Each structure stands twice: as C-alpha cells, then as structure tokens.
Amino acid sequence: MRWTQRAFQTIATWVAALVCALLFVVALVTADPLPGPGEAVDAAARMAILALVWISAARIVLQHWWSGSGSRLSAMDPPARLLTAAVAALPERRREWGMAMTAELAEVPDRSTRWRFAISAVRATLWLPPAGGWPLLTLVAAAVVASVVVAGPAVGAAVPGLAVFAVAFTGLVGAMALRAVVRPRRLRLPVLAPSVLVALGVAASIAVTVIFLRSEPTTVEYLPPADAVFLAAVLAACLGAAVTAQRWLGTNRRAAHLGAGAGAAFAACFLLEIRIDTTDLTDTVKGLFTLPLVPLAIVLFFLPAVVTTMIDRSFRSGVQAAVWTVIATVPLTYTVWLPEGLRRHAIDGTLLDGAAGPVGTNLADARWALAAILLVGLPLAVIVAGLAATTRPAAAPAR
Amino acid sequence: MTRLRRPSAQTVAVVLALADTPAAWRYGYQLCQQLDIKPGTMYPILMRLADQGLLETGWDDAVPAGRPPRHLYRLTGSGRALATELAAAQSAAQSAAQSAIQSAAAAPRRTDPKVRWQGA
C-alpha cells in the first residue's frame, strides 16, 4: 500500500465512520427501554451527522499534517517510519539521541540490515530507564495502586454511588503520574493561569458532584458505573492535557489564554442565562436578555480557534486554541450545571431546560453536555480553524 | 562528572575503541560495525557516557543532500583518562590471567581418574 495523502484520508474516513457506527450500535443495544423505529432512525441520522463532522475534521487535520511532516514520513521506508514514530514518542531530553539513531539509519544500505537496525533501536527507546530511577518508579506505582485500592471503599462510604468514579479517576490520574516518572518532560509552565483554571474546574466538578449526591442521595441511580467511568475519563483527560505540558498541545500562550478565557466566558454565559430564566421578569424581558446569550456563547466557543489561526497564521495554533477551549469549557460548564440544576429544581421542580423531571436527571443531562462539547464542539472548532487557515494571505513567491 | 562504577564489557569496548583515535570524531553506526554491537545496545551506552561527561558530541552537517546530519562522538579529557584506566586494568587482568595459565601449566599434572581407570 502506498502511503499517500489520499490513503491516509480514506483510512481516517473509514475509522471515523466505523467508530460512529459502533457507538450507535452500542447505544441502541444498551438503551433501556429499546427505542422505537422512529427514534432509532432519528438517532441514526444524528450519528451520521456526527460522523460527517468528525470525517471533515480528520481530513482537514490530515491535509495540514501532510503539508508539514506527513509527506516526509510517507517518503520513508517502513524501518525509517517505525524508528521515526518511536523517536517522536521519546521525551525531550532524549530527542537528540533519537535523532542520532534516525540519522544513522539513513546510512544503512540494505533492507534487512535497516530492519535489524530499526528494531534494535526501537527496542532501546522502549526500554529507556525512567529518569527518576527505578526506585522512584516503584514507589510511585505502589502509591498509585494503594490510592486506587483505598479510594473506592473510602469515597463509597462517604458518598454512596461515587466509588466507581473515585477508582476510575484515581487510576487515570495515577497512570498520568506514572507516565510522568517514566517519561518526564522538561518542567515548564508557560501557561500557568489556563492550567490552573482547568485544574480548578476539574476539582470544582468533583466537588459539585459530591455535593449533588450528598444533597440528593436517591439520585445515585443516575450515575451508573459506565457513566461514572466516562465522567472520570473526561475530567482526567482535561486535567492531564492542562497540567502535563503535552508536546502536541504546545506552549502557545495565546492559544492557551484565549481558549481558557473562552471556556470561562462560555460557562459564564450559561450561568447568566439560567439565572435570568429563573428571575421574576416577564417572559418578553427574559427573552430580550437571554436571546443574544446563546449565539454569544457559540461565537465565544469558536473565537479562539479563528483568532489564533489568523494571528499566528498557523492551523496548528488554531487547533491548540480549540483544545484549550474544550478542556476549559467541559469542567466549568459541568460545575455550573449541577448546583444550578439543584437550585432550579428547588424553585419550581423543573430541570435546566424548563421541563419537569426528577432532580437526578440533571446528572445525566450534565454528562450529555460534556459529551456534546467533546464530540461535537471539538471537531467543529477544528473545522473552523481549518476554514480560518484558508483565509491566510498567500506566501510571497520565492525569488 | 560521574565516573562509571562497573562498566560493562561492551562499555569498555566502546571506550577503548574511541580511545584508539582519541582526536577523531566517530559515528555510532561505525562503532556498531567495528565492535559488532547492536544499535539498541550501542546508543544507550553512548547516551550514558555523554551524560557522564565522558563523551563529547556534535553534528556532522557535511552529509549528502536530503540526509539528516549525523551525530558524532569522541572522548573528552575525562573519557580519555577513563580509557587509560580501563586499558591498564584490562592489561593487568590479561597478564594476571596469563600468569595463572602459565603457573597451572607448570604445576604437576593430576592424573585424570577416568584415564587411570581406563589404563588399569
């Protein structure tokens, strides 16, 4: 198979389509009660739209990646590609070492020797000794296992229904800590304020979930184990992306600040809309205030991706801004949702969308909101960054 | 600078190979071929030696167009001192082994019981 841009795009299209189809089948099979034919068709249509959004985003990312390092990678033979991929995963302090091996591979002439060289070098990158040393790694691993074992019963005793979440979240954060010991990156906090904002948002999300479940103990049934694991995974991913200085997320201060700021503004718009909706004002006056808030929140969500792409003249920066927007919006919106859901239900027995329903539904609705921001908001922001990149001024012709 | 505590046989071979031509820059792959050491073993050794300040590294940009610059290695002053130590230790070990063989050859031979039985 020739690794052309078209081949990559075809694979990305199939992967996105298959994942969406799989999600749809799982959702359909596990639905209780099973949906009727009409509902199933509606769900299939929504899933098809979601698949289209992801396929479009993936193709745009591939197109930009191809114009950068992708075409270079495809020109390599399989041993070089294997070694390049392994070297890309090396921590920064060992990058030079990886580049040295890659450069030497270019000097190895015949195919079988190249394969032997590449496999041996990849094996060395995989068995890189942890920078903190094996004793530190053992210590951290023991601490992680102990925390996971203790977290379930301890949290379960204090907040019934949150044990699965506690185990999953502790395990995921522990895995990130282990990774930090095994493959430490250079400590850098060039985007301190956004990182702290996201970390506080995650902490607040956990706090409001605890408060919600303690205030309404009967709502435990609205946080089944699978949903608890989903919530833990989303919050841990936001925390991990914000505080571990991921290389792919870059050190673009503008992207981080704009993204985190947009997340905070989005959550503020959401809070304002709920608060206005529960005032004693007439419906007309409420509508006057709340009507602009929805488009404003949408604009705010996509603004960082557009602005960063255009100012930096870089699609990559736009994607970084989109990721920062999502990882800030997710925990902050969730943090607003649960307490406001409790407050609103105490006022008139309704949910945040105005419909009557049990208070526990807020837990499920808040998780749906997180899923929507991640699954729809993120690819749309990437598409928007891609569109903004097309408006870049053309480079001056080379003389 | 941290001195190697107990260098492995392969590390010793690498240091001594570099000490053969201490002023010359060497490539990793060249050392792999010379010493018949796999790159997955060679590069971690070079990395550790460089970390310990025993190796000086550089990039060779004089490569054909389209190829990446190659990494170069040579011993630092401390590396050369270590090489001298290792060479001395190695020759001392060799002469000790040689004298042990000679004294074993000079000592009266013990008759192999199996041979004695066969001769009986």
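Note that the structure is a prediction, hence the values are computed from the model and not measured. (Residues numbered from 1 in each chain as written. Chains lettered and ligands numbered in written order. Predicted model: local features only at pLDDT ≥ 70, side-chain atom pairs only at ≥ 80, totals over all residues.)

1. Notes on the overall build of chain B
Of the regular secondary structure elements, chain B holds five helices and three strands. Each helix (α) and strand (β) of chain B, taken in turn from the N terminus, gives the series α-β-α-α-β-β-α-α. Sequence-distant contacts in chain B: of pairs separated by 6 or more residues, those separated by 24 or more amount to 54%. (Helix = DSSP H or I, 4+ residues; strand = E, 2+ residues; numbered from the N terminus. Contact = placed C-beta atoms within 7 Å.)

2. As for the overall build of chain A
The secondary structure content of chain A amounts to 14 helices and zero strands. Element order for chain A, N to C, with α for helix and β for strand: α-α-α-α-α-α-α-α-α-α-α-α-α-α. Here the C-alpha radius of gyration of chain A, 24 Å, is about what a compact globule of 399 residues would show, namely 21 Å. Along the first, second and third principal axes, the C-alpha atoms of chain A reach 80 × 55 × 45 Å. Considering only residue pairs separated by 6 or more positions, chain A has 77% of its internal contacts joining residues 24 or more positions apart. (Rg over C-alpha atoms; globule rule 2.2 N^0.38 Å.)

3. Description of the packing of helix 10 (residues 253–277) of chain A against helix 12 (residues 293–312) of chain A
All names here are of chain A. Helix 12 packs onto helix 10 with a crossing angle of 175° between their chain directions and a minimal axis gap of 8 Å. Considering their axes alone, helix 10 and helix 12 lie roughly antiparallel with respect to each other. Every residue of helix 12 that contacts helix 10 at Arg-254, Ala-255, Leu-258, Gly-259, Ala-262, Ala-265, Phe-266, Cys-269, Phe-270, Leu-272 and Glu-273 is listed here: Leu-293, Leu-296, Ala-297, Leu-300, Phe-301, Leu-303, Pro-304, Val-307, Thr-308, Ile-311 and Asp-312. The residue makeup of the contact of helix 10 with helix 12, split by class, is 17 nonpolar, two polar and three charged. (Axes fitted to C-alpha atoms, helices over the stretch in contact; angles between N-to-C directions. Parallel < 35°, antiparallel > 145°, perpendicular 65-115°, else oblique. Nonpolar A, V, L, I, M, F, W, Y, C, P; charged D, E, K, R; others polar.)

4. Details of the nonpolar core
Of all hydrophobic cores here, the largest spans 78 residues; its most connected members are Ala322(A), Ala381(A) and Ala385(A). Counting residues per element, this core draws most heavily on helix 13 (residues 315–348) of chain A, which supplies 15 residues. The contact partners of Ala322(A), leaving out residues within four places of it in the chain, are Pro304(A), Ala305(A), Leu378(A), Ala381(A), Val382(A) and Ala385(A). The next biggest cluster of nonpolar side chains, apart from the first, holds 33 residues, and it includes Leu105(A), Phe117(A), Ile45(B) and Leu54(B). (Core = buried A, V, L, I, M, F, W, Y, C linked by C-beta atoms within 7 Å. Buried ≥ 20, exposed ≤ 12 C-beta atoms within 10 Å, placed from the backbone.)

5. What to know about the interface of chain B and chain A
Each partner contributes residues to the interface: chain B has 14 residues there, and chain A has 15 residues. Put simply, the parts of the chain that give the side of chain B that touches chain A at least two residues each are helix 2 (28–35), helix 3 (39–51) and strand 3 (70–75) of chain B. Considering every element that reaches the side of chain B that touches chain A, the biggest residue donor is helix 3 of chain B, with five residues. Among the residues forming the side of chain B that touches chain A, the class breakdown is eight nonpolar, three polar and three charged.

6. Overview of the sheet that holds strand 3 of chain B
Residue and element names in this part refer to chain B. In spatial order, the strands read 1-3-2; together these three strands make up an open sheet with antiparallel pairing. Unpaired on one side and paired on the other, strand 1 (26–27) and strand 2 (55–60) mark the two borders of the sheet. As paired elements, strand 2 and strand 3 share six bridges and run antiparallel to each other. If you follow Thr-57 over to strand 3, its bridge partner there is Tyr-73. (Pairing = 2+ DSSP bridges.)

7. Points about the packing of helix 9 (residues 225–243) of chain A against helix 13 of chain A
All names here are of chain A. Closest axis-to-axis distance for the helix 9/helix 13 pair is 10 Å, and the angle between their directions is 135°. When the axes of helix 9 and helix 13 are compared, the pair comes out oblique. For helix 9 against helix 13, the interelement crossing comes out left-handed. Contacts between helix 9 and helix 13 involve Val-234, Leu-235, Cys-238, Ala-241 and Ala-242 from the first element and Val-323, Ile-327, Val-330 and Pro-331 from the second. Each residue belonging to the contact of helix 9 with helix 13 can be placed in one class, and the counts come to nine nonpolar, no polar and no charged. (Left-handed = near helix turned anticlockwise from the far one by under 90°.)

8. Remarks on helix 5 (residues 111–126) of chain A
Given 3.6 residues to a turn, an α-helix orients residues that are three or four positions apart in the same direction. Residues and elements named next belong to chain A. Over its 16 residues, helix 5 extends 22 Å from the first C-alpha to the last, a length consistent with the 22 Å expected when each residue adds 1.5 Å. Considered for burial, the residues of helix 5 that qualify are Arg-114, Phe-117, Ala-118, Ala-121, Val-122, Ala-124 and Thr-125. Burial along helix 5 is one-sided: seen end-on, the buried residues are contained in an arc of 155°. Among the exposed residues of helix 5, those pointing more than 90 degrees away from its buried face are Ser-112 and Leu-126. (Expected span 1.5 Å × (residues − 1). Arc of directions from axis to C-beta.)

9. What about the environment of Ser215(A)?
Residue and element names in this part refer to chain A. With respect to the element layout, Ser-215 can be found in helix 8 (residues 192–215). With 13 C-beta atoms counted inside 10 Å, the residue Ser-215 sits in the partly exposed group. Along the chain, Ser-215 and Ala-89 lie 126 residues apart, while their C-alpha atoms are 45 Å from each other.

10. Describing the pairing of strand 3 of chain B
Inspection of the sheet shows strand 1 of chain B paired to strand 3 of chain B by two bridges, in the antiparallel sense. Residue pairing across strands places Tyr27(B) opposite Leu72(B), the latter belonging to strand 3 of chain B.

11. Details of unusual backbone geometry
Of note, the phi angle at Arg313(A) is positive, near 50°, even though the residue is not glycine. On the secondary structure map, Arg313(A) appears in the loop between helix 12 and helix 13. Unusually for a residue other than glycine, Asp36(B) sits at a positive phi of about 55°. Inspection of the secondary structure assignment puts Asp36(B) in the loop between helix 2 and helix 3. Judged by the 7 C-beta atoms lying within 10 Å of it, Asp36(B) falls in the exposed class.

12. Here we look at helix 13 of chain A
Residues and elements named next belong to chain A. End to end, helix 13 covers 47 Å across 34 residues, agreeing with the expected 50 Å (1.5 Å per residue, within 8%). With 28 of its 34 residues buried, helix 13 lies for the most part within the structure. The positive-phi residue at the C-terminal boundary of helix 13 is Gly-349, with phi of around 70°.

13. Let's talk about the confidence of the model for chain B
Residue and element names in this part refer to chain B. For chain B, per-residue confidence averages 82 on the pLDDT scale, and residues scoring 70 or more make up 84% of the total. Of all secondary-structure elements in chain B, the lowest mean pLDDT belongs to helix 5 (residues 113–119), at 45, while strand 1 reaches the highest, 94. Within the model, pLDDT remains below 50 along residues 113–120, and this stretch shows one contact once partners closer than five positions in the same chain are excluded. The ipTM, which scores confidence in the relative placement of chains, is 0.74 for this predicted complex, and the corresponding pTM is 0.76. (pLDDT = per-residue confidence, 0-100.)

14. Remarks on the environment of Ala175(A)
Structurally, Ala175(A) is set in helix 7 (residues 163–182). With 14 C-beta atoms packed within 10 Å, Ala175(A) lands in the partly exposed category.

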